[in-house]
Amino acid sequence: MFTDLLRRLTAPEPEKLSDPDARLALAALLVRIARTDGDYADVEVSQIDQSLMKRYQMDLAQATTLRQEAEALEAEAPDTVRFTRAIKDAVGYEDRVGVVEAMWRVVMADGVRDDEEDSMMRMTVSLLGVTDQDSHAARLRISAG
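### Focus on the pattern of salt bridges
Summed over all chains, the structure comprises 9 salt bridges. Across the pair Arg-55 and Asp-95 runs a salt bridge, and its minimum N-O distance is 3.3 Å. Linking Arg-55 in helix α3 (residues 42-56) with Asp-95 in helix α6 (residues 93-109), this pair joins segments that are 40 residues apart in sequence. We note a salt bridge from Glu-101 to Arg-105, for which the minimum N-O separation is 3.3 Å. Here Glu-101 and its partner Arg-105 are both found in helix α6, 4 residues apart, which amounts to about one turn of the helix.

### Describing unusual backbone geometry
For Gln-57, which is not a glycine, the phi torsion comes out positive at approximately 50°. Structurally, the position occupied by Gln-57 is in the loop between α3 and α4 (60-76). For Gln-57, a relative accessible area of 67% puts it in the exposed group.

### Observations regarding the side chain of Arg-139
Inspection of the secondary structure puts Arg-139 in helix α8 (residues 132-144). Setting aside residues no more than four positions away along its own chain, Arg-139 makes contact with Trp-104, Met-108 and Arg-113.

### Some thoughts on the packing of aromatic side chains
One pass over the full model with this rule turns up 0 aromatic pairs. Positioned above the aromatic ring of Tyr-40 is the side chain of Arg-35, whose terminal nitrogen or guanidinium carbon lies 5.0 Å from the ring centre. When the ring centre of Trp-104 is taken as origin, the NZ or CZ atom of Arg-139, which lies over that ring, is 5.7 Å away.

### Regarding α6
When the terminal C-alpha atoms of α6 are compared, their 24 Å separation across 17 residues agrees well with the 24 Å that a helix rising 1.5 Å per residue should span. When α6 is considered as a whole, its buried residues turn out to be Arg-96, Val-97, Gly-98, Val-99, Val-100, Glu-101, Ala-102, Met-103, Trp-104, Val-106 and Val-107. Those residues of α6 hidden inside the fold are in contact with α2 (19-35), α3, α5 (80-90), α7 (115-127) and α8. At the C-terminal side of α6, Gly-111 shows a positive phi close to 80°.

### As for the packing of α6 against α8
Running from amino to carboxyl end, α6 crosses α8 at an angle of 45°, the nearest separation of the two axes being 9 Å. Here α6 lies oblique to α8, going by the angle between them. Taken as a pair, α6 and α8 cross one another with a handedness that is right-handed. Residues Tyr-93, Val-97, Val-100, Glu-101, Trp-104, Arg-105 and Met-108 of α6 pack against Asp-134, Ser-135, Ala-138, Arg-139, Arg-141, Ile-142 and Ser-143 of α8. Grouping the constituent residues of the contact of α6 with α8 by class yields 7 nonpolar, 2 polar and 5 charged.

Definitions and limits used
- Residues numbered from 1 in each chain as written.
- Predicted model: local features only at pLDDT ≥ 70, side-chain atom pairs only at ≥ 80, totals over all residues.
- Heavy atoms only, no water.
- Salt bridge = Lys/Arg side-chain N within 4 Å of Asp/Glu carboxyl O.
- Helix = DSSP H or I, 4+ residues; strand = E, 2+ residues; numbered from the N terminus.
- Buried < 20%, exposed > 50% of the residue type's maximum accessible area, 1.4 Å probe, protein only.
- Contact = heavy atoms within 4.5 Å.
- Phe/Tyr/Trp six-rings, centres within 6.5 Å; stacked < 30°, edge-to-face > 60°.
- Lys NZ or Arg CZ within 6 Å of the ring centre and 35° of its normal.
- Expected span 1.5 Å × (residues − 1).
- Axes fitted to C-alpha atoms, helices over the stretch in contact; angles between N-to-C directions.
- Parallel < 35°, antiparallel > 145°, perpendicular 65-115°, else oblique.
- Left-handed = near helix turned anticlockwise from the far one by under 90°.
- Nonpolar A, V, L, I, M, F, W, Y, C, P; charged D, E, K, R; others polar.

Remember that the coordinates give geometry; whether it matters functionally is a separate question.
Below, the structure is given as structure tokens:
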């Protein structure tokens, strides 16, 4: 189903993604971070939906549909290193910073930050080309409120 998008993402020189494809790829990254600890909790699913609604001005039905498509894409996507690097090459920096903030929301949604999630966040943030300072600031924004 997502063969063409994955092929374009993992090409030697990925092209800039169309807005719908970028939304799907970034949503899939949120799903991947939520699944990292092996517990894809309802509160994390809800947080992904809320993040998508806020980020893309969607209603719940649209966000749910995008998340469900992202769940399927995430399951088919290559390893996190290739997938995340491909997103980095295809999506602008500000969008990637916004995704890091959304990822922190997902990680913190269940009230527990475990070592697997922290490790995945460090790796993903680095692979996305987002600075540690911007990731830290995003985490602080989430913690504050």
